[in-house]
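Structure assessment
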Amino acid sequence: MTALAGEGRKVSELVDAVGVSQPTVSEHLAALRSVGLVTCTKRGRERMYRLDTRPLRDITEWISTLEVFWDERIERLGQTLASIDTEEEQ
């Protein structure tokens, strides 16, 4: 994915950057485009591919809302385990 960060790159540049065959790069680009992680623009006869991080930001925001929930649950679990240890010591 880092090969797609920043400016757009041609398929041939991506092939050189990642060291796999052109068909493999094209297959992966198609998959990434299908889920909205890569954009493609025409520049003359060439197509330029670029990473689109917007879908990743949406996922990151969603995960951060879950982290708050899990942090609270873990804190309560820690308190419960601490109280069990205290009871066993007595």
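Residues numbered from 1 in each chain as written. Predicted model: local features only at pLDDT ≥ 70, side-chain atom pairs only at ≥ 80, totals over all residues. Heavy atoms only, no water.

A word on the nonpolar core
Core analysis: the biggest nonpolar cluster contains 12 residues, these being Ala3, Leu4, Val11, Leu14, Val15, Val25, Leu29, Leu32, Leu37, Val38, Tyr49 and Leu51. Listed by contribution, the elements that provide at least two residues to this core are α1 (11-18), α2 (22-34) and β2 (46-51). Among residues more than four places away in sequence, those in contact with tyrosine 49 are Leu4, Glu7, Gly8, Arg9, Val11, Leu14, Leu29, Arg33, Val38, Thr39 and Cys40. (Core = buried A, V, L, I, M, F, W, Y, C linked by side-chain atoms within 4.5 Å. Buried < 20%, exposed > 50% of the residue type's maximum accessible area, 1.4 Å probe, protein only. Helix = DSSP H or I, 4+ residues; strand = E, 2+ residues; numbered from the N terminus. Contact = heavy atoms within 4.5 Å.)

A closer look at α2
In a regular helix each residue adds 1.5 Å, so 13 residues correspond to 18 Å; α2 covers 18 Å between its end C-alpha atoms and thus fits that length. Where α2 is buried, its residues touch α1, β1 (38-43) and β2. (Expected span 1.5 Å × (residues − 1).)

A look at the side chain of aspartate 52
For aspartate 52, the position within the fold is in the loop between β2 and α3 (54-89). The class of aspartate 52 is buried, set by a relative accessible area of 11%. A polar atom in the side chain of aspartate 52 sits 2.7 Å from the side chain of arginine 54. Leaving out residues up to four positions away in the same chain, aspartate 52 has contacts with Gly36, Leu37, Val38 and Thr39. (Polar contact = N/O pair within 3.5 Å; in protein donor to acceptor, adjacent residues only side chain to side chain.)

A word on the pattern of salt bridges
All chains considered together, the criterion is met by two salt bridges. Between lysine 10 and glutamate 46 there is a salt bridge whose closest N-O contact spans 3.4 Å. Taken as a pair, lysine 10 in the segment before α1 and glutamate 46 in strand β2 lie far apart in primary sequence, 36 residues in all. Two residues, arginine 54 and aspartate 52, come together in a salt bridge whose shortest N-O distance is 2.7 Å. (Salt bridge = Lys/Arg side-chain N within 4 Å of Asp/Glu carboxyl O.)

A few points about α1
Taken as a whole, α1 has its buried residues at Val11, Leu14 and Val15. The arc that holds every buried residue of α1, seen down its axis, measures 105°, which confines them to one face. Of the residues one or two after α1, glycine 19 is the one with positive phi, at around 70°. (Arc of directions from axis to C-beta.)

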